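Structural overview for review
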Amino acid sequence: MTRLRVGIVGFGSIVELAHLPALRALAPRIAVEAVVDSSEERRKTATAMPEVRLVAASVDDFLRTAPSLDLVVSALPPDANGVTAGRLAAAGYTVLAEKPLAATAAEARQILGDAETAGRVSMVHNYFFRTDVQAAVAAVREGAIGAVRLTRLERPDGGHFVGSGIDPHWRRSAQRHGGCLRDNAYHWIYLAPALCHSEIDDATARVSSRRSDEVEDVGHAVLRHANGALTTVTTAWCAISARPVLEVHGETGSLRLLGDENACEINTGAGWTTLPGRVGVNSYEQMYRHLLDVGAGADERLSVQSGLRVLDVLDQLYAAASDHHGDGGPR
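A brief structural summary. (Residues numbered from 1 in each chain as written. Predicted model: local features only at pLDDT ≥ 70, side-chain atom pairs only at ≥ 80, totals over all residues. Heavy atoms only, no water.)

So, the overall build of the chain
Operational definition: Numbering of helices and strands runs from the N terminus; a helix is a DSSP stretch of H or I covering at least four residues, while a strand is a stretch of E covering at least two. Throughout, the radius of gyration refers to the C-alpha atoms, and the reference size of a globule is 2.2 Å times the residue count to the power 0.38. A 1.4 Å probe rolled over the protein chains alone gives each residue an accessible area, and that area as a share of the maximum for its type sets the label: buried under 20%, exposed over 50%, partly exposed in between. The contact rule is simple, with two residues in contact once any of their heavy atoms fall within 4.5 Å. Methods summary: accessible areas were calculated by the Shrake-Rupley approach with a probe of 1.4 Å, and residue burial reflects only the protein chains presented. Positive residues here are Lys and Arg, negative ones are Asp and Glu, while His and the chain termini are left out of the count. In plain terms, the charge of a residue is placed at NZ if it is Lys, CZ if Arg, CG if Asp and CD if Glu.
Counting its secondary structure elements, the chain contains 10 helices and 14 strands. At 20 Å, the chain has a C-alpha radius of gyration in line with the 20 Å of a compact globule built from 331 residues. Each of the three principal axes of the chain carries a C-alpha extent, and together these read 60 × 50 × 40 Å. Buried residues in the chain amount to 54% of all 331 residues. Contacts spanning at least 24 positions in sequence make up 68% of the contacts within the chain whose residues lie at least 6 apart. Summed over all atoms, the accessible surface of the chain reaches about 14000 Å², with 49% contributed by carbon and sulfur. Each charge sign in the chain was given a centre, from 33 positive and 40 negative side chains, and these centres are 3 Å apart.

Re the sheet that holds strand β14 (residues 273-274)
Rules: For two strands to be treated as a pair, DSSP must find at least two bridges joining them. The convention used is that axes are lines fitted to C-alpha atoms, helices contributing only their stretch in contact, and that angles between N-to-C directions extend from 0 to 180 degrees.
Taking strand neighbours across the sheet as the criterion, the 8 strands line up as β8-β9-β10-β7-β11-β12-β13-β14 in an open arrangement whose pairing is mixed. Taken across any chain shown, the strands that pair with only one partner, and hence form the sheet edges, are β8 (200-208) and β14. Where strand β12 (residues 254-257) meets strand β13 (residues 264-267), 4 bridges bridge the pair, whose relative direction is antiparallel. Pairing of leucine 257 across the sheet is with cysteine 264, part of β13. Strand contacts of helix α7 (residues 131-141): β7 (148-154), β11 (245-250), β12 and β13, with the helix running at about 165° to β12, the strand carrying the most contacts.

Side note on the sheet that holds strand β6 (residues 121-123)
Spatially, β3-β2-β1-β4-β5-β6 is the arrangement adopted by the 6 strands of the open sheet, whose pairing is parallel. Of all the strands in the sheet, just β3 (54-56) and β6 have a single pairing partner and so form its edges. When strand polarity is set aside, the average angle formed by the axes of neighbouring strands in this sheet is 25°. Pairing between strand β5 (residues 95-97) and β6: 3 bridges, direction parallel. Bridging across to β6, valine 95 finds its partner in valine 121.

A closer look at helix α1 (residues 13-25)
Threshold: Take the residue count of a helix, subtract one, and multiply by 1.5 Å to get its expected span.
Helix length check: α1, at 13 residues, gives a terminal C-alpha distance of 18 Å against a target of 18 Å (1.5 Å per residue), a fit within 8%. Along α1, the positions that sit buried rather than exposed are Ser13, Val15, Ala18, His19, Leu20, Ala22 and Leu23.

Some points on the nonpolar core
Basically, it comes down to this: Buried Ala, Val, Leu, Ile, Met, Phe, Trp, Tyr and Cys residues that are joined via side-chain atoms within 4.5 Å together make up what is termed a nonpolar core.
Phe62, Leu255, Tyr288 and Leu317 are the most contacted members of the largest nonpolar core, which totals 97 residues. In terms of residues, this core owes the most to one element, helix α8 (residues 180-196), which gives 11 residues.

So, the pairing of β7
Pairing geometry for β7 and β11, over 6 bridges, is antiparallel. Bridged to glutamate 154 within β11 is valine 245. Taken together, the 5 bridges between β7 and strand β10 (residues 230-236) define a ladder with parallel strand orientation. In the sheet register, arginine 152 faces β10, and the bridge partner there is threonine 232.

Description of the pairing of strand β9 (residues 218-225)
Burial of the side chains of β9 is restricted to one face: Gly219, Ala221, Leu223 and His225 are buried, whereas none of Val218, His220, Val222 and Arg224 on the reverse face is. As paired elements, β8 and β9 share 8 bridges and run antiparallel to each other. Among the inter-strand pairings, alanine 203 is bridged to a residue of β9, identified as leucine 223. Hairpin remark: β9 followed by β10, antiparallel, with 4 residues in the connecting loop; positive phi at glycine 228, about 95°.

Things to note about the side chain of glutamate 265
Inclusion rule: Think of a polar contact as two N or O atoms within 3.5 Å of one another; within protein, one of them needs to be a possible hydrogen donor and the other a possible acceptor, and neighboring residues in sequence only count if both atoms come from side chains.
Secondary-structure assignment places glutamate 265 in strand β13. The exposure class assigned to glutamate 265 is buried, which follows from its relative accessible area of 16%. At 2.6 Å, the side chain of glutamate 265 and the side chain of arginine 256 are in polar contact. Once residues lying within four places of it in the same chain are set aside, the contact partners of glutamate 265 are Ser254, Leu255, Arg256, Leu258, Trp272, Thr273 and Thr274.

Given below as structure tokens:
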């Protein structure tokens, strides 16, 4: 049995709450052997993990030690994520990077450099492995609801995801390239082409913030697809009580996504029924299981090129929002 030796750079909340449980669920096929974090508190947490053999305070220390690993997860805020992923890839490591890589597509492309280095980087596009998404994408490809005309991906939250370590609220920081579009809408942007069975060819957005010196905490985007379908994406950090609306509407039917680990429902005019498919396994575990089976870099959905296309769309969205406000930056 092949055993995947994993290192993690950035041991924050998303790692502890999502990546680590998924990795542990796949033991002994996967083992976390190295952790890098600038926070002393987070390093203490990692040191207490019996499987971890190396704990470092910086990427420099990690690279000097040069541990033998099969995969390194880069889970840092976007102001540092792409730079770190690029350094690790240039040093010869296979990298799985959380999203997004950087503030803009141009910045990410510059950081990644040559094709060989970029080819060692894959993206954590875990929503592709949600049980409801997998069933919906399969139904769309099979023509179960006819040609898709409208997809609604609306999930306002009560607040931003709070991290851990030195800067738990970086998602609200303009300097660290936060904002609800870049943090939350990112997932729906990479899913939209699969759910509509067509690539995005245009995008526009409107955003709003609590204060002029903060990143946006409300964002609404409209994505136009090459086949004429539209996707609406609504995300926010101000909704105390909101029900997600995750729907795909075609010429002959509709799909309703019920969330990660849950099912997808279909209605073609005779009421809602549940589509067959796996449930009860979260997207991170399914993603890592898939990586074990096919290897990092073998899936276009997780490719760095896929991540760059999302950043291209986000560039369009922020430009449209800035043009509307006339102040040169997201609000």
